[in-house]
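Residues per chain, in single letters:
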Amino acid sequence: MALVGIGLSNDEIDRRLVVSPLTAKTHVSRTMVKLGARDRAQLVVLAYESGLVRPGWLG
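Residues numbered from 1 in each chain as written. Predicted model: local features only at pLDDT ≥ 70, side-chain atom pairs only at ≥ 80, totals over all residues. Heavy atoms only, no water.

Tell me about the packing of helix α2 (residues 10-17) against helix α3 (residues 21-35), and please be specific about residues and values.
Running from amino to carboxyl end, α2 crosses α3 at an angle of 110°, the nearest separation of the two axes being 8 Å. Here α2 is positioned roughly perpendicular relative to α3, judged by the angle of their axes. Classified by chirality, the crossing of α3 by α2 is right-handed. Listed contacts from α3 to Asn10, Ile13 and Asp14 of α2 are Pro21, Ala24, Lys25 and Val28. (Axes fitted to C-alpha atoms, helices over the stretch in contact; angles between N-to-C directions. Helix = DSSP H or I, 4+ residues; strand = E, 2+ residues; numbered from the N terminus. Parallel < 35°, antiparallel > 145°, perpendicular 65-115°, else oblique. Left-handed = near helix turned anticlockwise from the far one by under 90°. Contact = heavy atoms within 4.5 Å.)

Okay, here's the thing in structure tokens:
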């Protein structure tokens, strides 16, 4: 969620975590379901509100 929070795409996430593109997509999708987020933008908001990421943080 932190990587989505800093604005990374699924392709960027899979390279960062060294996982397959499908695995990255699955993790993002499951995170959205578990948190009740309707889209990636809402995940970003939740990441900021929870303190998981903060302005200027680049992961």
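So what's going on with the packing of α3 against helix α4 (residues 40-49)? Which residues, and what values?
It is at 10 Å that the axes of α3 and α4 come closest, and there the two elements cross at 70°. In terms of orientation, α3 lies roughly perpendicular with respect to α4. The hand of the α3/α4 crossing is left-handed. Of the residues in α4, those in contact with Val28, Thr31, Met32 and Leu35 of α3 are Arg40, Leu43 and Leu46. Residues of the contact of α3 with α4, tallied by class, amount to five nonpolar, one polar and one charged. (Nonpolar A, V, L, I, M, F, W, Y, C, P; charged D, E, K, R; others polar.)

Read these as geometric descriptors, not functional statements.
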